[in-house]
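So the chains spell out like this:
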Amino acid sequence: MLFSIVSRPLQAQNVVELLRFESAERTIYEQEPVQRLIQARLTVDGLAMVCDTAYRYLDRSELLAIGNLQIETENAIIWTDSLRYFSKNERSLLRGRVIIEQENTRLFGTSVDYNFEEKIAYFTNGIRLVDSTGVLTANSGTYFEEQDSALFIEHVQLHTEEEYAESDFMTLARKSKRSYLSGNVLIDNLSDQQRIRADSIYADSTGFRQLIGNAVIRTIDSAANDAPDDPAPEINTDTESDTTFVFAPIIKVYDKDSTFTFQSDSLSQSWSTNFSTRSDSLQYDSELEEFTLTGQPIAWYDNTELNAKTIIAQTDSNELSLLYLLNEAFVTVKAEKSGRFNQLKADTVITRFMGGRLHTMTLEPNVTILYFTQNEEDENDGAIELNTPLANIRFVEDDIDELAATASQGFVFEEDSSLSLRRLEGFRWSPNDRPSKPSIDLEYRFDAVPNEPAFIYPLRFQQYVNDKKSVNFNPK
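Residues numbered from 1 in each chain as written. Predicted model: local features only at pLDDT ≥ 70, side-chain atom pairs only at ≥ 80, totals over all residues. Heavy atoms only, no water.

**Comments concerning the overall build of the chain**
The line we're drawing: Helix numbering and strand numbering both begin at the N terminus, where a helix is a DSSP run of H or I of at least 4 residues and a strand a DSSP run of E of at least 2. This radius of gyration counts C-alpha atoms alone. The globule rule is 2.2 Å times how many residues there are, raised to the power 0.38. Buried means the residue's accessible area, taken with a 1.4 Å probe over protein chains only, is under 20% of the maximum for its type, while exposed means over 50%, and partly exposed covers the values in between. Residue contacts are defined here by distance: any two heavy atoms, one from each residue, within 4.5 Å place the two residues in contact. In these tables, accessible area is a Shrake-Rupley quantity obtained with a 1.4 Å probe, and a residue counts as shielded only by the protein chains included in the view. The positive count covers Lys and Arg only, the negative count covers Asp and Glu only, and His and the chain ends enter neither. Charge coordinates come from a single atom per side chain, which is NZ of Lys, CZ of Arg, CG of Asp or CD of Glu.
Of regular secondary structure, the chain possesses 2 helices and 34 strands. In summary, the chain has a C-alpha radius of gyration of 34 Å against a globular reference of 23 Å for 476 residues, an excess of more than 25%. Seen through its principal axes, the chain has C-alpha atoms that stretch 120 × 50 × 30 Å. Taking all 476 residues of the chain together, 48% fall into the buried category. Relative to all contacts within the chain whose residues are 6 or more apart in sequence, the contacts with residues 24 or more apart total 44%. In the form shown here, the chain has an accessible surface area of approximately 23,800 Å², with 46% of it arising from carbon and sulfur atoms. Side chains of the chain give 44 positive and 77 negative charges; the mean places of these two sets differ by 10 Å.

Have a look at this one:
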């Protein structure tokens, strides 16, 4: 009899079917006539729910459920402290401790506006998304259940085992594994000790990333700094020789397993303590530790400037090991004591380094060398100009120790003050163009992502988790 009395008027407006309840009564709640159900299990417009108390407003199509609430839809389970459901548009207000689970994804919040018809959840006061890969949080956001995609706004943070990221805005298409971050974006590759910053970053499942606007990549030699276990590490950068910066308007990055490549087709620069570059195009291969520069490239090493049509630099733990200057190569070395410019030109120049210092240099063909000499008292003592098809030079402490040339012809110039002005054709010296260390801040803006939500889990959710653990437990 009681079931019949309660069920009929509920169905008149809210399409409610009562499955179970302890008691029911008509009363006044919030100055409106309601029907109150205690310890109720019911369905509303096809949604199955259970709660401590439910209020059905008699004068409008609205239902309020309070206390230890669990809701089951076709594809998701929802836990919350309270639900205000508007039957006309299938919209609801979830308040308190809100948890939404869809397949292997859980979302947490404290204020969620949920549209059951369109299956869209609006998190108005914090959102936390957790799956098998990591945790994603923001001040607010929207989750589109059917598309399995999400929008995150303000104070966006992503933390996985492999990387940490933060930005002001993020869109995430989980099915296609595509994401777009914008607004002061920082990505920290925790395993490779590499940090990336840009105005915005696009990424997809292939390992491709496009850094757009003021892009910077900083890499620290892993051999000099062990990878930390801290989820938000601050890497020691006091040893600048272990650090390399690359910066450009746009950089494209391709991650492949444990290696990566990146390239920029716009004005690109790189910096380390003893080697810097500037070019119209730059490519880098982490497996080979090789930079390829084209488009009027220039490179600087100590007091040396290098020009060519193409420059290839190979490094070993961020130290130079090989330099290739291909087509119209020109090397200018400013002598530290005299201030004069030793000059070398050829079609190709190959320079080898040992321990980060000049070791040998091979030039061929069409070689011209202008070298200023000094006497035993370190006084200027004229110059030598040499033309040869092939030259090999050996260095000791960056000074020429031995020079060997084939079929050479040359000139010896006696000391004269005008010698300091002598230049070979193609001479270039542009120290003002040499990149300096970027002053951009690559530190985290936000505190570490909390390991757990900011509230104690609801009782029914705890029971749900315990039941899943017991079902999945397979003793040996």
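Picking up where we left off.
**Considering the nonpolar core**
Selection criterion: In these notes, a set of buried Ala, Val, Leu, Ile, Met, Phe, Trp, Tyr and Cys residues joined through side-chain atoms within 4.5 Å is what counts as a nonpolar core.
The biggest cluster of nonpolar side chains holds 83 residues, and the ones touching the most others in it are Ile100, Phe152 and Phe262. At 5 residues, strand E27 (residues 319-334) tops the list of elements feeding residues into this core. With residues up to four places along the chain from it excluded, the contact list for phenylalanine 262 reads Ile217, Val246, Ile251, Lys252, Val253, Leu282, Gln283, Tyr284 and Phe291. Residues Val135, Leu186, Leu190 and Val216 belong to the second largest nonpolar core, which totals 12 residues.

**A look at the packing of aromatic side chains**
Using the following cut-off: Centres within 6.5 Å make a pair out of two Phe, Tyr or Trp rings, where for Trp the six-membered ring is used; the pair is then stacked when the planes are under 30 degrees apart, edge-to-face when over 60, and tilted otherwise. Geometrically, a lysine NZ or arginine CZ counts as sitting over a ring once it is within 6 Å of the ring centre and also within 35 degrees of the ring normal.
Enumeration over the complete set of coordinates arrives at 21 aromatic pairs. Their ring planes at 45 degrees and their centres at 5.2 Å tell us that phenylalanine 208 and tyrosine 254 sit as a pair that is tilted. Within this pair, whereas phenylalanine 208 is found in strand E17 (residues 208-220), its partner tyrosine 254 is found in strand E18 (residues 243-256), the two being separated by 46 residues in sequence. What links up through ring pairs into an aromatic cluster is the set Trp79, Phe108, Phe455, Tyr457, Phe461 and Tyr464. Positioned above the aromatic ring of tyrosine 57 is the side chain of arginine 60, whose terminal nitrogen or guanidinium carbon lies 4.3 Å from the ring centre. The ring of phenylalanine 427 has arginine 423 sitting right over it, with the charged end atom 4.6 Å from the ring centre.

**Concerning the confidence of the model for the chain**
Heads up, the rule is: On a scale of 0 to 100, pLDDT captures the predictor's confidence in every residue.
Within the chain, residue pLDDT values average 88, and 91% of them lie at 70 or more. For the stretch residues 1-13, pLDDT sits under 50, and the model shows 29 contacts to residues farther than four places along the chain or on other chains. For residues 224-238, every residue scores under 50 in pLDDT, and the model assigns this stretch 28 contacts once sequence neighbours within four places are set aside.

**Description of the pairing of strand E7 (residues 91-102)**
We apply this condition: DSSP bridges decide pairing: two strands pair if at least two such bridges lie between them.
Here strand E6 (residues 77-86) runs beside E7; their pairing, made up of 8 bridges, is antiparallel. Directly across from serine 82, in E7, lies its bridge partner arginine 95. Connecting the antiparallel pair E6 and E7 is a turn made up of 4 residues, with glutamate 90 showing a positive phi of about 55 degrees. Pairing between E7 and strand E8 (residues 105-115): 10 bridges, direction antiparallel. Looking at the pairing, arginine 95 lines up with serine 111 of E8. Counted along the chain from E7 to the antiparallel partner E8, the turn is 2 residues long, and its residue glutamate 103 has a positive phi close to 50 degrees.

**Some remarks on unusual backbone geometry**
Backbone geometry at asparagine 68 places phi at a positive 50 degrees, although glycine is not the residue there. Residue position: asparagine 68 is located in strand E5 (residues 62-72). On the basis of relative accessibility, which here comes to 21%, the residue asparagine 68 falls in the partly exposed class. In this structure, glutamate 154 takes a positive phi of about 65 degrees despite not being glycine. Mapped onto the secondary structure, glutamate 154 falls in strand E13 (residues 149-160).

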